[in-house]
Amino acid sequence: MKHDAPFYRFFKLFILFSSVIYCFPSSAIEWPQKVHTTEGTLIVYQPQPEKLIGNALTARAAMSFTQNKEPIFGVFWFTAKIDTDRENDSVTVRDMSVIDVRWPESKDAGEQTFTTVVNQAIKTSQFNTSLSQLTASLENAEVAEQSLAQLKTDPPIIIFKDKIAVLLSFDGEPKFSAIKDTHYERALNTAMTVIKDTKNKSLYLTDGHFWYQAKQAKGPYKHTQSVPADLANMLPKNTSTSSLSSPPEIVVATKPTELVVTDGEAKWKSLSGGELMYVFNTETPWLREMQTNNMYVLLSGRWFRAQQHTGPWAFVRADELPQSFANIPPESDLGGLRDSVAGTEEANEAVLDAKVPQTAAISRKDARLTVYYDGKPKFERIPGTNVSYAINTDAQVLQIKGKYYAVDNAVWFKADSAQGPWLVADSIPKNEIAKIPPSSPVYNLTYVEIYESTPDVVYTGYYPGYVWSYPYYGAPVYGTGWYYPPYWGGGYYYPRPSTWGFNIGYNNWTGWSFGVSWSNGFLSLGMNWDLGWPTHYRPYHCCNGWYGGGYRGPVVINTGDINIGNSVNISNKLNNLNNKRPLHNIYKRSQIKTRLASKTQVKRDLKTAISQRDKANNIFADRNGNVLKHDDGKWQQRVSDKWQDVPSDKQQQIKDRIQNTDRQHVQNKLQTIDKSKAKHTLQQRQQSHTQQTNRMQQLNQANRARQLGMQRQQMRRNLPKQMPRQMPNRGH
């Protein structure tokens with residue numbers, strides 16, 4: 001695993017796609033789906049998940065079985081494995097095993113025959129669905145949870161500027177290394193191009209258009225037009241045009257810092273309803289809640305609150321924000337902020353999305369790994385664990401009980417020696433790895449899993465936590481908040497991932513992205529300049545550093561007159577749109593996809609069910625095995641070969657009043673009859689009422705989730721065409 005790219009490799013893919021709107025080229029995946037059997041036709045309606053742990057799904061589904069007459073409806077429960085592909089918004093449900101079958105309207109003898117047919121048919125079938133549909137349906141399912149109590153929420157240093165400025169962030173004190181065959185040195189621990197002239201002791205910074213000069217690495221930096229010719233000639237030619245008419249101010253930081261910039265004095269605007277105001281001449285979400293007059297800023301998915309912009313700032317959980325935040329209209333300029341407000345539909349979707357792994361089948365013979373160290377391997381023990389990690393390498397290598405494990409682009413490898421040879425791992429010490437805390441720079445490895453294996457293939461997967469995105473109190477946050485010191489051994493320099501310094505924001509359609517447009521030139525120049533890069537530099541290798549928090553690729557979106565978290569107003573730049581596929585799936589990146597197992601290696605003798613577009617996807621199964629239909633806003637239950645109406649809300653209210661009267665009657669009788677018997681009767685009726693209420697709530701939620709899933713699938717298929725016209729401001 002040799003790396004010759006600079007520090008900016010962390011940002012390369014992130015910035016490279018910063019002006020691209022991605023499409024989701026998913027084909028129509030519709031329910032119900034048909035399975036042919038030897039005895040008749042089996043129609044399976046969209047499954048309702050009950051549990052998702054890793055790639056193991058437990059669910060129930062309504063079905064109908066037809067021979068030569070009217071269909072017979074039933075419910076089956078099953079376990080299965082899922083394969084996910086976020087680039088295509090698709091999921092394959094395979095290796096299904098039926099664990100229970102119920103036929104509410106059949107006789108016992110016939111039920112056994114039907115059950116045998118279903119078992120055989122499902123066992124040899126696989127179903128395709130969309131990831132949008134699966135994610136939306138997880139609301140009532142049991143999913144794997146990971147404790148995030150140790151995420152750090154301390155605010156960074158927050159600097160406000162009322163003129164265009166750029167944050168030059170050093171990871172600690174500036175460190176330099178010589179550029180071969182020149183009298184220049186280049187800064188190692190920053191994402192921007194900072195050059196020191198060892199002859200005149202001056203320092204230079206540029207974005208390819210504007211040049212700056214300073215006497216010290218930490219500034220102040222002043223605009224200059226006097227640049228050594230040999231230095232200017234070393235840089236790649238910048239043929240792009242700058243949107244800035246004058247050079248921005250340079251703000252230098254050596255500690256975790258965020259820069260909030262307004263184009264002139266902050267201009268406040270009232271949101272519809274008058275509960276909130278926001279600054280509209282900035283790219284950072286900066287709001288004021290009118291009832292308390294508190295200010296709020298949103299940085300890396302975390303809300304911070306203060307009475308005034310000079311602070312002090314305090315962290316506010318997403319589920320403890322004022323109600324006015326949840327009232328932000330989705331179609332408003334601030335609609336994109338709903339992703340970071342717990343309880344909103346957008347935040348719920350983001351949290352559910354984080355619970356579905358991206359999976360892959362890895363070929364054992366085609367996956368290779370080489371790890372380079374700065375000298376002999378050095379390991380550091382992680383406090384509170386039996387795990388040590390290598391500090392003098394760009395790889396993520398663990399030492400556990402004399403064995404070595406490494407993760408490279410979401411694939412586990414193992415070796416008997418720290419220097420290899422490395423083979424694809426088919427098992428790992430999960431219990432030990434799970435103890436790695438967020439305070440460790442290898443914490444993200446706890447989000448990479450191994451599911452199953454064959455002699456040729458290992459099935460693996462990762463969650464957004466691997467790329468530093470975490471659901472936290474009902475909304476996504478970026479980074480752990482912990483500062484990870486870089487390794488500097490005098491020979492090689494290894495930086496670590498950072499939470500702060502890049503105005504990172506989230507939106508449900510594209511994930512995390514940088515939000516300061518005028519910084520892009522500084523970052524893109526640095527990441528693209530490989531000439532003279534010091535040979536003793538090695539970037540920290542994980543998922544291209546900070547690129548791709550969450551599953552989706554970065555993008556910039558803006559449809560109004562506000563630039564919250566967006567670096568391009570796409571409503572005016574439709575010519576820049578294209579249909580390049582996003583890098584939502586690490587396993588499909590060009591340099592990695594050679595590891596994927598071939599179709600012959602993963603070939604399964606399974607028949608794919610066929611979508612039935614002529615049938616409505618409106619049949620559901622409750623937890624008791626009853627079959628229900630939702631039609632024209634009403635629920636019907638299958639009873640004795642017929643659909644019977646389930647009581648409407650009004651009928652239910654009348655029933656509730658009768659039950660309340662009856663309940664009071666029972667309570668009044670407590671003095672004259674057996675108290676224990678009366679109490680038991682009352683409890684039974686209350687329990688029955690609660691169960692019926694919960695049942696209808698679950699059915700209504702399932703119906704709503706099914707509709708939302710279809711809407712999201714359709715929107716992702718048409719994303720490039722629809723976003724400029726229909727999407728509110730997403731991202732921040």
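Residues numbered from 1 in each chain as written. Predicted model: local features only at pLDDT ≥ 70, side-chain atom pairs only at ≥ 80, totals over all residues. Heavy atoms only, no water.

Can you help me understand the overall build of the protein chain in this one?
Helix and strand counts for the protein chain stand at eleven helices and 45 strands. Relative to its 732 residues, the protein chain shows a buried fraction of 57%. As displayed, the protein chain has an accessible area near 31600 Å², and 47% of this comes from carbon and sulfur atoms. (Helix = DSSP H or I, 4+ residues; strand = E, 2+ residues; numbered from the N terminus. Buried < 20%, exposed > 50% of the residue type's maximum accessible area, 1.4 Å probe, protein only. Areas by Shrake-Rupley, 256 points an atom, 1.4 Å probe, with all protein chains shown as cover.)

I keep staring at the pattern of salt bridges and nothing clicks. Help me out?
Where charged atoms from two side chains of opposite charge come close, those side chains can pair. Overall, the coordinates contain 25 salt bridges when judged by the stated rule. Notably, a salt bridge pairs Glu452 with Arg94, separated by 3.0 Å at the nearest N-O pair. A residue pair is termed long-range when its members are at least 10 positions apart, and Glu452 in strand S32 (residues 448-453) and Arg94 in strand S6 (residues 90-102) qualify at 358 residues. When its relative accessible area of 1% is taken as the criterion, Arg94 is described as buried. The partner of Arg317 in a salt bridge is Glu320, and the shortest N-O contact between them spans 3.6 Å. With relative accessibility at 47%, the residue Glu320 sits in the partly exposed group. (Salt bridge = Lys/Arg side-chain N within 4 Å of Asp/Glu carboxyl O.)

Is there a simple way to explain the environment of Ala141 in this structure?
Turning to its location among the elements, Ala141 is positioned in the loop between helix H3 (131-136) and strand S8 (142-143). Measuring from C-alpha to C-alpha, the distance between Ala141 and Glu50 comes to 4.3 Å, with 91 residues separating the pair along the chain. For Ala141, the residues in contact, after removing those within four places along its chain, are Pro49, Glu50 and Lys51. (Contact = heavy atoms within 4.5 Å.)

Please explain the packing of aromatic side chains as it appears in this structure.
Each pair of aromatic rings is reported with the distance of its centres and the angle of its planes. In the structure shown here, the tally under the stated rule is 25 aromatic pairs. Here a set of aromatic residues connected by ring pairs shows up, and it is made of Phe304, Phe315, Tyr472, Tyr473 and Trp500. Just above the ring of Phe620 sits the side chain of Arg706; from NZ or CZ to the centre is 3.8 Å. (Phe/Tyr/Trp six-rings, centres within 6.5 Å; stacked < 30°, edge-to-face > 60°. Lys NZ or Arg CZ within 6 Å of the ring centre and 35° of its normal.)

I would appreciate a short explanation of the side chain of Glu289 in the present structure.
Mapped onto the secondary structure, Glu289 falls in strand S21 (residues 286-289). Arg305 provides the closest opposite charge to the buried, salt-bridge-free Glu289, at an N-O distance of 8.4 Å. Side-chain polar atoms of Glu289 contact the side chain of Thr292, separated by 2.9 Å. In this structure the side chain of Glu289 is engaged in a polar contact, spanning 3.4 Å, whose partner is the side chain of Ser324. For Glu289, the residues in contact, after removing those within four places along its chain, are Glu275, Leu276, Asn294, Tyr296, Pro322, Ser324 and Phe325. (Lys, Arg positive; Asp, Glu negative; His and termini not counted. Polar contact = N/O pair within 3.5 Å; in protein donor to acceptor, adjacent residues only side chain to side chain.)

I'm lost on the pairing of strand S43 (residues 627-631) in this one. Help?
Both faces of the sheet carry side chains from a regular strand, because those side chains alternate between them. Most of S43 sits inside the fold, with four of its five residues counted as buried. Direction of pairing for strand S42 (residues 619-621) relative to S43: antiparallel, over a ladder of three bridges. If you follow Ile619 over to S43, its bridge partner there is Lys629. Between the end of S42 and the start of S43, which pair antiparallel, lie five residues, with Gly625 showing a positive phi angle near 90 degrees. Relative to strand S44 (residues 634-639), S43 runs antiparallel, the two sharing four bridges. In the sheet register, Leu628 faces S44, and the bridge partner there is Gln637. (Pairing = 2+ DSSP bridges.)

Function cannot be inferred from these measures alone, as they are strictly geometric.
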